[in-house]
Amino acid sequence: MATQFGPPIDLSALPGWKTTTLRPQRAVFAGRVSTKDQQDPRASILRQVSAASERLEDDAEFVAHFYDVESGMLPPELRGLGSSEMYEALAIPVPRAGGLQELLDQAEHRGITHVIAERSDRVARAMLTSLTVEHELEKLGVEVVYANEPTGGTRTGQLRTRRYSQVDAELYKHALVEMSMGGQIQHALAGWNHGRPPYPYITVVDEHAPVRDTSRFGENRPKKRLAPHPDPRRFDAARELCRLRREEHLKSADIIAILSAAPDRYPITGKWTHNLVEGLIANPKLTGHMVYNRKATRTGRAGFSRWNPISEWVWSPEPVHEPVVTVQEWAQAQEVTAALRSRVDAEARGLSRIRATAHRLGHTVIQVDSNGSHAVYQVGGRRLVLPTPVPDMIVQQVIEDMERGEV
């Protein structure tokens, strides 16, 4: 930083008058467009490059361009996951060296000295993410520059301007989420479906739903409701598998065996699976109500979604499509499912204790046979018949017998 309190005579000819560096100035562009549906990526990236270029040194050019067509709410590791075919189809006339994550990965070996973006929310809308990116680059000696920030003044003034801008970006992010969530809630309350239709249903366009004018990015998706599948046997199959869980307390494997034994009565494309059966039993849309917010998809882990508590689900006030089961029947099935899982967990805990002791003593525990209420295990040179699940008292007795060498 130059100082206004210089020497009394001209000393600019002396060695060490200015700091010099052997590294050439190598600046790269960083940019982002929310999504290809919400903005025009071509126009937006070109405009961002033009704005960022204003902060280049005289006659300098960007040595590379890093940009994503992704939501700014995503962390770096989840950005830029779009296929190369997608970016080619967008026909953005700016050569792309990668996205934000590639910029962080390549900054050091590319010898980058400056990263210039139009403004901070082009790096990320979340303040923590943009601060983390700045911190990681600064450790490598890379300066982050935002073109919309004023030049000159004190460092504290520059930081205050930057942090205010980052706070605004994060507040805008939360405002977008709140407005989007509110819209999705109204969408569900009106009875319009989210996602793929469950097994016994199809989706049909709601001819009475309001239609917005076509946007500049194509036609708006029509509102759709659930309707019974043209094959009425699907309704019967869904109703039966729910009954088997609710009334007979059957596990998914037993339900799959029953449904698979009568393919003409319970049709399925492919085959019945554990995930399909359990997913249908747990799906509240089978009650005729439209239900939203069952899962949190933005969890910070790619491909991973988390179940929200039932208290956070949004239900339409009245049934909006033909039900497979009543709400009461659906609730009873969830109680049975919880009891079955608790039983499996208890069984697993008891057996894990037995297996741990057997392993310590040099034995293995192998299940030989099972009839649902009891199972036969081979432990070392002996066979044991244990109830399912194994009570803690019996678990402790088996462990003590193994330690005494009686098993």
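Residues numbered from 1 in each chain as written. Predicted model: local features only at pLDDT ≥ 70, side-chain atom pairs only at ≥ 80, totals over all residues. Heavy atoms only, no water.

The protein appears in an unreviewed UniProt entry as Resolvase/invertase-type recombinase catalytic domain-containing protein from Nocardiopsis metallicus.

Asks: Whenever I open this one, the packing of helix H6 (residues 233–248) against helix H8 (residues 274–282) confuses me. Can you help?
Replies: Between H6 and H8, the shortest axis-to-axis distance is 10 Å and the interhelical angle comes to 80°. With respect to H8, the element H6 is oriented roughly perpendicular. The segment H6 lies against H8, with Leu-241, Cys-242 and Arg-245 engaging Val-277, Glu-278, Leu-280 and Ile-281. Looking at the contact of H6 with H8 residue by residue, the classes come out as 5 nonpolar, no polar and 2 charged. (Axes fitted to C-alpha atoms, helices over the stretch in contact; angles between N-to-C directions. Helix = DSSP H or I, 4+ residues; strand = E, 2+ residues; numbered from the N terminus. Parallel < 35°, antiparallel > 145°, perpendicular 65-115°, else oblique. Contact = heavy atoms within 4.5 Å. Nonpolar A, V, L, I, M, F, W, Y, C, P; charged D, E, K, R; others polar.)

Asks: How should the packing of aromatic side chains be read in this particular structure?
Replies: Any two aromatic rings considered together are summarised by their centre-to-centre distance and by the angle between their planes. Under the counting rule described, the total for this entry stands at 6 aromatic pairs. Summarising the aromatic geometry, the rings of Tyr-201 and Phe-235 are spaced 5.4 Å apart at their centres and angled 80° between planes, so their arrangement reads as edge-to-face. Of this pair, Tyr-201 sits in strand E5 (residues 201–205) while Phe-235 sits in helix H6, and the two are 34 residues apart along the sequence. Between Trp-315 and Trp-330, the ring centres sit 5.8 Å apart and the planes meet at 75°, which makes this aromatic pair edge-to-face. (Phe/Tyr/Trp six-rings, centres within 6.5 Å; stacked < 30°, edge-to-face > 60°.)

Asks: For this particular structure, what's the right way to read the packing of H6 against helix H7 (residues 252–260)?
Replies: Each pair of packed helices gets described by two things: the angle between the helix axes and the distance between those axes. One can describe the packing of H6 onto H7 by two numbers: an axis separation of 10 Å at closest approach and a directional angle of 140°. For H6 against H7, the interelement crossing comes out right-handed. Across from Ala-237, Leu-241, Leu-244 and Arg-245 in H6, the residues of H7 making contact are Ser-252, Ile-255, Ile-258 and Leu-259. (Left-handed = near helix turned anticlockwise from the far one by under 90°.)

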